[in-house]
Amino acid sequence: MATVQFFNQFPCKTRVQSSANSKPLSKPPSLVPTSAFTRRPLFSPGEFAVSRADFRVRVIDAEDEFDSETSEGGSALLMAEEAIESVEETEVLKRSLVDSLYGTDRGLSASSETRAEIGDLITQLESKNPTPAPTDALFLLNGKWILAYTSFVGLFPLLSRGIVPLVKVDEISQTIDSENFTVENSVLFAGPLATTSISTNAKFEIRSPKRVQIKFEEGVIGTPQLTDSIEIPEYVEFLGQKIDLTPIRGLLTSVQDTATSVARTISSQPPLKFSLPGDNAQSWLLTTYLDKDIRISRGDGGSVFVLIKEGSPLLNS
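Computed from a predicted structure; not experimentally measured.

### Regarding the overall build of the protein
Item 1. Counting its regular elements, the protein contains seven helices and 12 strands.
Item 2. Within the protein, the proportion of its 317 residues that are buried is 28%.
Item 3. Pairs at least 24 residues apart make up 60% of the contacts formed inside the protein by residues separated by at least 6 positions.
Item 4. About 21,100 Å² of surface is accessible on the protein, with carbon and sulfur atoms providing 58% of the total.

The following block contains the structure:
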């Protein structure tokens, strides 16, 4: 109907074809008047308006979706850039902390200014801790950690070379076995004749995402490992005084001849173990920073410990 109406808007003539045998028509056939058809446009105003509105809605939705995707992509990119910057800042802080520890003898020889600088760097690192729940990441805690710095004054007499002449603390370490929940604290002593170690074995329990409770069970005095050659320094410091050892270096030459046989005898003996009973053999430790290289822990009394993982390139800094 609409198509007929559309074409009826143009004037036209009617052609009547007749055959030779047909009779002429008395009058031409009349067309059906156009008024007989209901005038209806191709698209009603209502239909057209709805189509336009629908089109507008679809366009707006597409633009919003595009803007949303663009916004999400921009946010993800911004978050990635911020994460990279945070990692870079953390690496710079780690390097600065290790550099500031140089020459402090694990904190024993640190001046008040150096301690303040180290404390500030430790606080900054703790604020960027990549492992907020260290006890949920036992694979990172697992392994041997070398003590690089401490504010625990209880260790200072042990670190002081003036207490035992010719003997120094070569290494202080903590080994964590996360599968068996054990901790071994060890101090390695080195002298001109031998090296030996004193260690404590303990069990630990997880008390919070950052805190563990430690109960020491036994102490172990390692078998001394005597050296084949005796190295005597030119002097030692004792109670602030330098003592010249040149006169006695010759006296120890004969001892060197028997050192090899004595070393074989002593080294074959088992280590000496002793129990650590009582409530005093307990402590707790709070890990405030942890990654694959550095661990920062705080103990009761407010002491802080900075430890570096064995094998980390930071140990060679």
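From this point on, the discussion continues.
### Focus on the pattern of salt bridges
Close approach of charged atoms allows side chains with opposite charge to pair.
Item 1. The full count for this structure, using the stated rule, is 10 salt bridges.
Item 2. In this structure, the salt-bridge partner of lysine 94 is aspartate 293, at a minimum N-O distance of 3.2 Å. Placement of lysine 94 in helix 2 (residues 45-101) and of aspartate 293 in the loop between strand 10 (282-290) and strand 11 (294-299) is noted, with a sequence separation of 199 residues between them. Aspartate 293 matches lysine 94 in its accessibility class, with the two residues each being buried.
Item 3. Here arginine 207 and glutamate 205 are joined by a salt bridge, their closest N and O atoms 3.1 Å apart.
Item 4. Assessed through its relative accessible area of 47%, glutamate 205 is described here as partly exposed.

### Section: the confidence of the model for the protein
Reading fine detail from the predicted coordinates is not recommended where pLDDT is low.
Item 1. When pLDDT is averaged along the protein, the result is 75, and 62% of the positions lie at 70 or above.
Item 2. Counted against residues more than four places away or in other chains, residues 1-60, with its pLDDT under 50, gives 15 contacts.

### Here we look at a nonpolar patch on the surface
Item 1. On the surface, Ile198, Ile221, Leu272 and Phe274 cluster together into a nonpolar patch covering about 330 Å² of accessible area.
Item 2. When you line up the elements, leucine 272 lands in strand 9 (residues 272-275).

### So, unusual backbone geometry
Item 1. Its identity is not glycine, yet aspartate 105 carries a phi of approximately 55 degrees, on the positive side.
Item 2. You can see aspartate 105 is positioned in the loop between helix 2 and helix 3 (112-127).
Item 3. Assessed through its relative accessible area of 24%, aspartate 105 is described here as partly exposed.

### Structural notes on the packing of aromatic side chains
Item 1. Inspection of every chain in the model, using the stated rule, returns two aromatic pairs.
Item 2. Over the aromatic face of tryptophan 284 sits the side chain of arginine 211, whose NZ or CZ is 4.6 Å from the ring centroid.
Item 3. Here the guanidinium or amino end of arginine 295 rests over the ring plane of tryptophan 145, the centre of that ring lying 5.1 Å away.

### A few points about the environment of tyrosine 149
Item 1. Within the secondary structure, tyrosine 149 is located in strand 1 (residues 143-150).
Item 2. For tyrosine 149, a relative accessible area of 4% puts it in the buried group.
Item 3. Linking tyrosine 149 and arginine 106, residues 43 residues apart in sequence, is a C-alpha distance of 4.0 Å.
Item 4. Aside from chain neighbours lying at most four places away, what touches tyrosine 149 is Leu101, Thr104, Arg106, Gly107, Arg115, Ile118, Val304, Phe305 and Val306.
Item 5. There is a polar contact of 3.2 Å between the side chain of tyrosine 149 and the side chain of arginine 115.

Cut-off values and rules
Residues numbered from 1 in each chain as written. Predicted model: local features only at pLDDT ≥ 70, side-chain atom pairs only at ≥ 80, totals over all residues. Heavy atoms only, no water. Helix = DSSP H or I, 4+ residues; strand = E, 2+ residues; numbered from the N terminus. Buried < 20%, exposed > 50% of the residue type's maximum accessible area, 1.4 Å probe, protein only. Contact = heavy atoms within 4.5 Å. Areas by Shrake-Rupley, 256 points an atom, 1.4 Å probe, with all protein chains shown as cover. Salt bridge = Lys/Arg side-chain N within 4 Å of Asp/Glu carboxyl O. pLDDT = per-residue confidence, 0-100. Patch = residues over 30% accessible without salt bridge, like charges linked within 9 Å, V, L, I, M, F, W, Y side chains within 5 Å. Phe/Tyr/Trp six-rings, centres within 6.5 Å; stacked < 30°, edge-to-face > 60°. Lys NZ or Arg CZ within 6 Å of the ring centre and 35° of its normal. Polar contact = N/O pair within 3.5 Å; in protein donor to acceptor, adjacent residues only side chain to side chain.

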